[in-house]
Structure formats: structure tokens, C-alpha cells
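A closer look at the structure
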Amino acid sequence: MAAISKIEVSEGICYVTIPEADVHILCGCPADSVKHLMKRGLIQTRTVGTVSFETGPNAILLSDVLIQNGRFTNLSEFPILQMFYRQGRIIPGHPNNTGAKPVLVGSRRQVEAQMEYIYRGNYGLVSEEEIIETGIPADMARQMMRLKLKFAFGKIRRMDEYLDLVVLESEPQEIRNRVFVKRLKPNLFEISYGKESVRVDLNQPEHSSALPSYVLGFHQIKRDYFAVLHSGEGDGWDINRPAMASILMFQGKVYLIDAGPNIMHTLNALGLSVNEIAGIFHTHAHDDHFCGLPDIMRADHRIPYYATPLVRASVMKKLSALSMMNEDEFKHYFEFHDLVMDEWNDIDTLEVMPVFSPHPVETTVMFFRTLDRSGYRSYAHFADIASLKLLRGMITADDDAPGISQQFYDTVAESYLRPVDLKKLDIGGGMIHGDAEDFAEDKSAKIVLAHTALPLTNRQKEIGSGAPFGAVDVLIPSHQDYVRSYAFHFLSSYFPTVPASRLRVLLNNPVVKFNPESIILKAGRKADCVYLLLTGQVEMFQTRKHIFSTLSSGAMLGEVTALTEKPSAETYRAANFVQALRIPMDLYSVFVKSNGVYEHMLRQMDVRSFLYTNRLFGDSMSCTLQNSIAAAVNITHHLHGSGIARSEAPRLALVKTGAVDLLMGDRTVERLKAGDFFCESTVLFDIPCLFTAVATKDTELYEIPAAALADVPIIRWKLLEVYETRLDKAVSLDATTDPLAWQEEYGIGIAVIDKEHRELFHQAKTLYHGLFGVEPAASPGKLFPALLNITREHFATEEELMRAHGYPALKPHTEHHRQILAALRDFASDYEAWKTASRKEIGIFIKNWVMTHILTEDRKLGTFLKSAGVS
């Protein structure tokens, strides 16, 4: 019998077990990885004495790549919680608490990011100061912190108190009990025990779509005036249902309440697309309500985000840790709207009142209302809440002790029973969730019970109703056709110069419906009409050229035939229930010609057709946005062997034909072909392209100004994915690389900083060769103080410039400086104690801290200082 077994669980997840060594490794942890293990029977229930608990992994191998196919690949919060609580590994006196900590394995960068993400997921804001910064009065912040400490058993603890960390770089590392893991190349690993080994490949196929553990089917939803669409009634452990969530339909608009795992599958099952989302109301930062945020960051517009400043601060700190982005970056993805706690906030006549909810992280329940002919109609969404029994056990008269006051308890208990027309409850029970019994006397017209993986008991059924996925509670019915209003909106945006009276010529056509998985238009055939997509999603395929993308509301199908009389080059297929305005071909052709837009559209057709099938521009983008990008394109030509000059103005360079090499010094970092792009850093951060670009064939480029792309979330997200991959290649260290050889590309354009960077590299190089060179220095330990001093002086220079010119990212930048200095001091003290240093560890430090900091953060600073007149 083999000592090692490996099971492919789902896309991006496999499970490697070595029972003899008691090592069980979850390899890859995208959204809902624990649910997939449960569904495959890889997590079982055991009983020891009178205690029942789950089995499962005790180690996690992280992906090297943060984002694949637009999704986060490392979401370890729930796997860690399963180990801590459902396996009992940190519960005092538990038979499965042997003292052996769960293990987190991965690159230093990914491990550190996951530690901070889990930390923020457990605690949210971690001090009274952080709470007060959100506008909470000091006395209330004190009460909130006492509550948080009670949930945390008296102390906020860093995650390394609970987890063992194995940092994996080039050499094999022991996980535990002679089980070793080695990286063979990025995201390809070998796990060995004795003479046996298995390989684990965490690279996901392009265009792959990770499926949830449950099947949702397809639902056709009417857009009502005010209705609640039930999109999740389970919890983070329910293998058969999405986690608790709702979708508000208001005046034909679609609003999310929370965004849990697999949100895109939920939307698809309900006949919705990401571009239809008018906003998200957010209750708190636990993963089952949070980890769908990256998916809705992939829209073609910034989606309005509604939360109290308290909740937003908690959520953005966690999202920042997970994504390794500065919090300021999220303004490019969301349009933030702060809600005032305990007050009605008016959002286009939909009123919402957030009310503080006792929970381990900052949480608000949400009350919604709007006016009807007979008064207000209302909905309350109670996710997440704690049971009153649990809260009573926290009451203390000691104002300095963890817990809550009697007055605090009374306020919460009163808010729980505020009557509404429809109330949806968290009844998950346990240490941090609610209890249906607390609402037995609730006077609300209807109560829906949710946030549980268990069947409802008879007693719970007496208190509240269930709500199957896709069920709708209509609070105010609609007496108008909102779908037709979408058509007018899209046509007005698409033809901005055409009067509304003429647009009605196109509007006076039928809205047709397509069933899921129906082919709408086949490649090689001429369309017989033009379809304006109003609701739902359509898949576009051209398999011969490996083209696949998803089209959302606002897209046009069949327009190529209408303008050029050519057949479609792609096949279009309904991904869910789709509604579209069907415009006869001859009418559309006459319309564009008679309104003077035909010639303009024809001129843009070549550019648009290329963008339409490009991996960067094809997904989830309306035709209006594609038109505006196409109109901004500047076409340039470059001969074979010529260098491509860096533009003064920020722009993205897209290879239309030919080939381009990206160089750093004399080293080729990447070879680009038609459809690839470069200069993404100018769009993301307004910093110059890191690489020298050389045409290796006669090349045609589409150059697109950064201003046309910077605030298109889905484009920005994809650019970030490529930037992270290229940055890793740029700073990669191998046997042939001198890690501290200065390259002109490292310069940031600020003379004093560039001069000090060169000095810093020289001093670091002296130390590096003194430790590891062919002729090591006689006393290399004496070189550490010199490097520390020059580093401190350089950081002081940067920080003085940042303060003098009001640099908005001063705080995170100086925190990065502090971390670099702390790591340097650790290296110095370790060498002083042991008279030896790890070449590998110092190489990792150079790559992940020093070079990455200079190539991204310092270059951002350089751009800012140059704009302030510093040179």
C-alpha cells in the first residue's frame, strides 16, 4: 500500500495524505475548498469518548500565484477555522488538541499575506484607535473593544501563535515528521515521504471556471419594484447551498446584500450579470459574506459599495491583506458610499439603516424600507448576529473587563425585535451566531431562517419560514416594464448623438428570451438581426483561435453582419436566461446610415473586432465602453530590431501584429506575440514601464491612453494579474543572477533617491559578497551596521520628502520601511549569535522586500514627487 495518496478534488484543489506521518495537506485553497473536501467524503466525523469532531487537513499548501483566471487562489480562512474549531485543534481539553499546530506552507510573500488576512478575518479592527479612526466616539469604541476581547477570550493574538509556518523557496522543506515539499517551478510542487513522492500542479487551465459544491440550476427572475430575492440560506459549511445572502430588486435595479463565495455562479443561476449590479450593501468581513468581492470587482464600471465607515475599514484591511494592495487602490474598483449607523440613509428613495450587531468582527444588520401607497414596506437582513443567551453570559459590571454592559445588551435585544414586513435571520447558533428562539415573539409579518447547514427543527419551523434558492418575496409589485427601460439606457449610451425620438425606432421591437445553453448565433453564419443584450450573460467562442469571453448586459450581437454583411466569426451561446432587444438587420443598417454614425462605426470596426476577441477587453464589457476605448486607440508601427520608446504620457501598448521582447538590462524577461500587451504599470500606478521593449518583427501597436482604462475595474484587475507575474519574473533569482547588480530600469527619476538607491545597492552588495562571495570578508558581521545605517538614512530622506509634499501613501510606505529595517536587524542579530547566514533567506529578502519595494512603491513615490516639481 502506498504511503502517499493524492486525490484531485476540484479545480485548483487536491488532497495529499500521508497517514503514517499524520500529515494531511490541502493543496490549493480557493473559495469553498472545505465544502469540496466534505462533499468528496474527505472530511468525516469521529467520536472519542463523548466528543465528536471532524477529521480533515492539518496543513495547507498555498498557490504561488495570487490570482488565476481572475479569482483569488488562496482563501485559507475557512480551512483554518475548520482545523481550529471543527477538528478541535485549539479548543482546550479537546481530545484532538495534541499541541501540534496546523501548518501553512508557501512562498514567504503568500504566507505573510495569508497570516494578515486570517488575522483580520478573525478580529477585524484590532484596537480602539483603529475603531475611533472610523468616526466612532471614544466611549463607544471602548465598548466595542471590550466585546471583541470577550469573543477573543481576552486577547488579540497574532496567527503565528496558532500556526506553524513553512516558507518554501528553492530548497526542499520539511512540513512535519519527515514529509518534505519542494517547488519544482512556479506552482508545481513535489511532496515526498521516504522513497515515495507525488507532484502537485496548482496551475489552473486558462478560462477554467471553478464550480461550487452545489448545483443551482437556472431561474428566470422578474424585476420588481421592491422585492427580496433569496440567493443564499446556508452557511460557510453547507455543501448543498450558498452562504446566507439576499438580492434586493428595487425599481428594476439589482442590489447585493453581501458577496460570498461563488457569487458569479449565483448571479448566473438567477439570470443576472455582474454589470447589472447597481450596488452592494455589506454587513461584515467574514469570508462567507466577503470573498465574492473580487468577482464583483470584475465589472466594466465601479460598483457602488454601501457600508458604515466601521465595516468598510474592517473589510478593506482584510481585502488589502489578501490582495497585497494598498487600501487606496480599491477606489478604482468601488464607488464608496458611507452609511450613518442608526439613521435612515436615502439611496434614490430606497432607505437603509445599519444597526451595530455584536460579532467578533465589525458587523451591522441592515433595515431597508421604501414608501408605498399604504405607508412604508420594510425588510431586515440580520447577518450576522449572536444569540441573546451568549450575550447575557458576557454581561459584566466591570467597565475594564472584556464583556458588555446591561445597557448594551438591552439595546441589542430591543433592536432584534424591531418589527418589519420581512426579516431574514442568522440562526447558526454556536459561539458567534444567532438563535431562532430569540425571535419567537417577534411581531414581523414574515421571518425567514437562514445561515445554517442543518435541517430546521420542528420548533424552528414554528418560528420562521425557509426560502429555497431563487424564491422571491415581493413587497411592492411592479406595474412597469423595467427591461425595456434598460434598452433605452443602453441605446442612449451607445448612440449619444442620436435624439431620443429616433432611438425609439429601434426600441419599437420585441424583447425576446433565450433559454440557458441555447446557441444564439453560430460562427460562419450571417446574423438575421441585431440583438442588444438586456439581462443575463452570453458566452462567446472561437475555439480555433482559443478565444473565449463572457458578454454582459449592454453588448451587441450580430452587429458585424449589419455593418459589413460579413458572417459572424464567433459563436454566441446563452449562459443563463437571457433577454435581448431583437432589431431587424435592415432596420439597424438604415438607422446607423440615416443618423450619420455608419462611417464612424465602420472605421472603428477593425479596432473593435480586435478588442472584442482580446483576453483583456472581451469579458463583461458593454459595447459603449468598447467603442470609447476603440476611439482612443493610436496606431504606431515599429521595424524589426527597433527599440520602442517609452511614452511620456501613460498608455497601454497592445501588440496588434508582430512580436516584442521585454528586456531588463541584457536579460529577456518575456516574449510577446499578437494580442499581448505591455506598459501596464503606467495604467495601474502611473509609473514608467519597468522594461525596455524591442520589436523582434515588424510590429503594429495599438496604444491606448491610461485615462481610457484606469477606472475600468475588470481591465485593471487583469492588468494587475499580469503586472504581479512580470514583477516576479523581473526580480527572480537564479544561479546566474547577481541579485544586487544595479539596473538603469530601477531608477525612479528623483536624483537624491536614485543616488541613495545606488549607494544602498553597493553597500548591500559588499555585505552579500562578504558573506557568500568567492573570497568572503574576514569579519562580515561588521558590515551589517553599515548597511543598517545607510538604510535608515535613506528611509529618512524618503520620509522627509513624503511629509514635505503631502504624499497620500505615507503611512503604508513608512510601514514597509519599518518592516524592511526589522528584517535587516533580525539578519544582523542572527549572524551575531550564530556566525552564519542563510544565502537563501537573504536572497528571498532581497527579492520580496527590497527589489519589489523599489520597483513598485518607490516608483509610485517618484511619479508623485515629479508631479510636485521635485527632480
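It should be noted that the structure appears before, not after, this text.
In this report, we go over the structure that sits alongside the text.

Analysis parameters
- Residue positions within a chain follow its written sequence, with the count starting from 1.
- Local features in a predicted model are, by the rule used here, given only for residues with pLDDT of at least 70; side-chain atom pairs are given and counted only at 80 or more, and totals for whole chains, interfaces and linings are based on all residues.
- Hydrogens are left out, water is left out, and the side-chain values use all remaining heavy atoms of the structure.
- We count a stretch as a helix when DSSP gives it H or I for four or more residues in a row; a strand needs E for two or more, and each element gets its number in order from the N terminus.
- Each radius of gyration reported is based on C-alpha atoms, and the globular scaling rule is 2.2 Å times the count of residues to the power 0.38.
- Per-residue accessibility, obtained with a 1.4 Å probe over protein chains only, is compared with the maximum for each type, and a residue is labelled buried under 20%, exposed over 50%, and partly exposed between these values.
- Residues are treated as being in contact if the distance between any of their heavy atoms lies within 4.5 Å.
- Throughout this description, a polar contact denotes any pair of N or O atoms lying within 3.5 Å of each other; where both atoms belong to protein, one of them has to be capable of donating a hydrogen while the other can accept it, and for residues adjacent in sequence the pair is counted only when both atoms sit in side chains.
- One less than the number of residues in a helix, times 1.5 Å, gives the span that helix is expected to have.
- Two distance rules govern patches: like charges are joined within 9 Å, and nonpolar side chains (Val, Leu, Ile, Met, Phe, Trp, Tyr) within 5 Å, applied only to residues with over 30% relative accessible area and no salt bridge.
- Using the Shrake-Rupley algorithm and a 1.4 Å probe, accessible areas are obtained, with residue cover drawn only from the displayed protein chains.
- Salt bridge, as used here: a side-chain nitrogen of Lys or Arg that lies within 4 Å of a carboxyl oxygen of Asp or Glu.
- Between any two strands, pairing holds if DSSP finds at least two bridges.
- Only the stretch in contact is used when a helix axis is fitted, and all axes are lines through C-alpha atoms; the angle between N-to-C directions ranges over 0 to 180 degrees.
- Two rings from Phe, Tyr or Trp (for Trp, the six-membered ring) form a pair when their centres sit within 6.5 Å of each other. Planes less than 30 degrees apart are called stacked, planes more than 60 degrees apart edge-to-face, and all others tilted.
- Two conditions define a charge located above a ring, namely a distance within 6 Å from the ring centre to NZ of Lys or CZ of Arg, and an angle within 35 degrees of the ring normal.
- In this description, a nonpolar core means a group of buried Ala, Val, Leu, Ile, Met, Phe, Trp, Tyr and Cys residues linked to one another through side-chain atoms lying within 4.5 Å.

Quick notes on the overall build of the protein
Along its length, the protein carries 24 helices and 43 strands. By the compact-globule yardstick of 29 Å for 871 residues, the protein fits well, its C-alpha radius of gyration being 29 Å. Its C-alpha atoms give the protein principal-axis dimensions of about 85 × 75 × 65 Å. Taking all 871 residues of the protein together, 59% fall into the buried category. Summarising the internal contacts of the protein: among those between residues at least 6 apart in sequence, 71% fall at separations of at least 24.

Concerning the side chain of R859
Relative to the helices and strands, R859 resides in helix α24 (residues 839–867). Look past the residues within four positions of R859 in its chain and what remains in contact with it is S681, I687, P688, C689, L690, E745, G747, I748 and I854.

Quick look at the environment of E570
Examined against the element boundaries, E570 turns out to sit in the loop between α15 (559–564) and β34 (571–574). The spacing of E570 and I854 is 284 residues in sequence and 44 Å in space, taken between C-alpha atoms. A polar contact is formed between the side chain of E570 and the side chain of Y572, at a distance of 3.1 Å.

Quick look at helix α5 (residues 138–151)
Taking 1.5 Å per residue as the helical rise, α5 with its 14 residues ought to reach 20 Å, and the 20 Å between its terminal C-alpha atoms agrees with that figure. Taken together, the buried positions of α5 are A141, M144, M145, R146, L147, K148 and F151. Packing partners of the buried residues in α5 comprise α3 (108–123), α4 (128–132), α9 (309–323), β22 (350–356), α10 (388–392) and α11 (406–416). In the stretch just after α5, F153 is the one whose phi turns positive, near 60°.

Structural notes on a nonpolar patch on the surface
Together, Y85, F153 and M431 give the surface a local cluster of nonpolar side chains, amounting to about 340 Å² of exposed area. In this structure, F153 sits in the loop between α5 and β10 (164–167). The exposure class of F153 is exposed, given its relative accessible area of 59%.

Observations concerning the pattern of salt bridges
The tally for this structure, following the rule as stated, stands at 45 salt bridges. Residues R120 and E130 are paired through a salt bridge, measuring 2.9 Å at the closest nitrogen-oxygen approach. In this pair, R120 is assigned in helix α3 and E130 in helix α4, connecting sequence segments 10 residues apart. The exposure class of E130 is buried, given its relative accessible area of 16%. Taking the shortest distance from any N to any O, the salt bridge between D348 and K253 comes out at 3.8 Å. Of this pair, D348 sits in the loop between β21 (345–347) and β22 while K253 sits in strand β17 (residues 253–257), and the two are 95 residues apart along the sequence. In this structure, a network of salt bridges that share partners links the residues E116, R120, E130 and R158.

Looking at the sheet that holds strand β1 (residues 5–10)
Taken in spatial order, the 6 strands make up an open sheet running β1-β2-β3-β6-β9-β10, and their pairing is mixed. One side of each edge strand has no neighbouring strand; the edge strands of this open sheet are β1 and β10. The mean inter-strand angle of the sheet, taken between neighbouring strand axes irrespective of direction, is 20°. As defined by bridge partners, strand β3 (residues 23–27) adjoins strand β6 (residues 59–61) across 3 bridges and the pair is classed as parallel. Residue L26 lies in a different strand from β6, and its bridge partner there is I60.

Brief notes about the packing of aromatic side chains
The geometry of two aromatic rings is summed up by the distance between their centres and the angle between their planes. A complete count under the given rule lists 31 aromatic pairs for this structure. Their ring planes at 15° and their centres at 6.2 Å tell us that F368 and Y379 sit as a pair that is stacked. Placement of F368 in strand β23 (residues 364–372) and of Y379 in strand β24 (residues 375–382) is noted, with a sequence separation of 11 residues between them. Taken individually, F368 and Y379 each receive the classification buried, so the pair is uniform in this respect. Between Y416 and F439 the ring centres are 5.5 Å apart and the planes differ by 25°, which places this aromatic pair in the stacked class. Here the residue Y416 occupies a position in helix α11, and F439 occupies one in the loop between β25 (422–426) and β26 (446–450), the gap between them amounting to 23 residues. As far as the burial class goes, Y416 and F439 line up, both buried. Three or more aromatic residues joined by ring pairs make a cluster, and in this case those are Y255, F281, Y306, F368 and Y379. A cation over a ring is seen here: R158 above Y119, with NZ or CZ 3.7 Å from the ring centre. Above the ring of Y376, the side-chain terminus of R369 is found at 4.0 Å from the ring centroid.

Observations regarding the pairing of strand β11 (residues 173–176)
As paired elements, β11 and strand β12 (residues 179–185) share 3 bridges and run antiparallel to each other. In the sheet register, Q173 faces β12, and the bridge partner there is V181. Between β11 and β12, which pair antiparallel one after the other, the connecting turn spans 2 residues, and N177 there sits at a positive phi close to 55°.

Topic: the nonpolar core
Residues L293, I296, F617, F678 and I715 are the most contacted members of the largest nonpolar core, which totals 183 residues. With 9 residues, the top contributor of residues to this core is helix α20 (residues 713–730). Counting 47 residues, the second-largest nonpolar core is a separate cluster that includes L557, L563, I583 and Y598.

A look at the environment of K782
When you line up the elements, K782 lands in the loop between α21 (751–772) and α22 (783–804). C-alpha separation for the pair K782 and D235, spaced 547 residues apart in sequence, amounts to 57 Å.

Bear in mind that shape data such as this cannot, by itself, settle questions of function.
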